[in-house]
Amino acid sequence: MKKKIAILGSTGSIGKSTINIIEKDKNNFEVVLLTTHKNVNELIKQIKKLDVKNVIITDNKSFNNFKNKNKIKKLRIFNNYKDLDKIIKKKLDYSMSSISGLAGLEPTLKIINKTKTIAIANKESIICGWDMIKKKLDKFKTTFIPVDSEHFSIWSLIKEDSYESIDKIYITASGGPFLKWPIKKIMKATPTKALKHPNWSMGKKISIDSATMMNKVFEVIETQKIFNLPKSKIKILVHDKSYVHAIVKFKNGITKILAHDTNMKIPIFNSIYNNENKTIQSKNLDIKILNNLNFENIDKKKFSLTKILKIIPNRNTLFETVIISANDELVNLFLKKKITYYELHKKLLSIINFKEFKAYKNKKPRNIAQINQLNKLVRLKIRELCI
Ligand code: NDP
Ligand code: MG
């Protein structure tokens, strides 16, 4: 029987890699749903390639344009994730959550009860809405597979073991484009330079987060939530080869290391074919790389945003939304050249320490509306301060 699947955010970097894997094996898949915000041209290519029956286009203008001009027969076009009930009548086998930003939280929560397995790449949902996600995963007995490469590696390493058996988790950081740059030069970096990741090819926002190391701050929080660990048990190691993605040291003295090519298709492929004996093309083991793995501690002066880890609570709180929203808005402003790389750092460190925002460390997120409202408030404050 064909596997029924949905890809949320199919036109993005993770979405396209997922499509690429599916299209090589398309006789075994029925793509029930693809979604985009605006990128209708890419979506049309995907619809034609995979004979897709339903799409959601969330940007109103793009939705209306496409709906009026569409010539693809039997294609149902929707504008809102509220329509998921109309689209998915029978449980899907697999869904990929790869929308970027907090916009991914609501669709992720909405699809959990409509799919047997959910692979989540969208880190913002995990960071801001983990309590809600976990509750739904448990209630509907949906299998969850993290797709962020470090978390996919940890998940793979401890598959058979319980989370209580973990002593320490190490996640690796490539160091981004500025690993070898002096601080003075880094602080004057332009968006073009910051977007040039040496190892990974990713969306713009996450590329900037890799340059500032904010991506690792987020990944420690993700690890904390998914694997139910205090942050004292999670450490970042700089590993510029990006070959090892995670190391897990267990309480029984055994340490497991997971390595794979620097290619997001590997975690995505394995989330799709979990426990199936399938082959993906990958490079042979390179002894030169193995003999030269190189791990080092983070230079906290150079990557000053890693200081934020000190003030992250060990529980699920609304403060994580403050950090996600503040960083997201500042990255947008930096990409639009409204603030400098230096200002991005300075403002982020100062804003999250505002008394009004620190108060959220004691507040538990109760629903999406509350998270979305706080997201708007933080962004507004940042625009007030920066423009
Ligand atoms: P991209 O920016 O490349 O793609 C994002 C996707 O989400 C696109 O399909 C986009 O549509 C859609 N989208 C954007 N805004 C909205 C919105 N407001 N409502 C609905 N859909 C929207 O992101 P990536 O693929 O790089 O990343 C996706 C997620 O995965 C992020 O959370 C990221 O942190 C995480 N991740 C990514 C990795 C990577 O290698 N890229 C690695 C690990 C995690 P449109 O094309 O129209 O803009
Ligand atoms: Mg990652």
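This text goes with the structure placed above it.
Residues numbered from 1 in each chain as written. Chains lettered and ligands numbered in written order. Predicted model: local features only at pLDDT ≥ 70, side-chain atom pairs only at ≥ 80, totals over all residues. Heavy atoms only, no water.

Draft legend 1. Geometry of the site of ligand 1. If you check the shell around ligand 1, you find 24 residues, and the closest are Thr 11, Ser 13, Lys 38, Asn 39 and Glu 124. Backbone polar atom of Ile 14 to an oxygen atom of ligand 1: 2.9 Å apart, as the coordinates give it. Interatomic distance of 2.8 Å between a backbone N/O atom of Asn 39 and an oxygen atom of ligand 1. When ligand 1 sits alone it has 900 Å² of accessible area, and the protein chains cover 83% of it. Those elements that place two or more of their residues in the shell around ligand 1 are helix 1 (13-23) and helix 6 (123-139). Of the residues belonging to the shell around ligand 1, the class tally is seven nonpolar, 13 polar and four charged. (Near = heavy atom within 4 Å. Polar contact = N/O pair within 3.5 Å; in protein donor to acceptor, adjacent residues only side chain to side chain. Areas by Shrake-Rupley, 256 points an atom, 1.4 Å probe, with all protein chains shown as cover. Helix = DSSP H or I, 4+ residues; strand = E, 2+ residues; numbered from the N terminus. Nonpolar A, V, L, I, M, F, W, Y, C, P; charged D, E, K, R; others polar.)

Draft legend 2. Expanded view of the packing of aromatic side chains. Applying the stated criterion across every chain, the model contains nine aromatic pairs. Ring plane angle 65° and centroid distance 6.1 Å describe the contact between Phe 29 and Tyr 273, whose orientation is recorded as edge-to-face. With Phe 29 in strand 2 (residues 29-36) and Tyr 273 in the loop between helix 12 (265-272) and helix 13 (287-290), the pair connects residues that are 244 residues apart, well separated along the chain. Judged by centre distance (4.6 Å) and plane angle (50°), the ring pair of Phe 178 and Trp 181 falls under tilted. Relative accessible area serves as the criterion here: at 17%, Trp 181 is assigned to the buried category. (Phe/Tyr/Trp six-rings, centres within 6.5 Å; stacked < 30°, edge-to-face > 60°. Buried < 20%, exposed > 50% of the residue type's maximum accessible area, 1.4 Å probe, protein only.)

The values are spatial; any link to function lies outside them.
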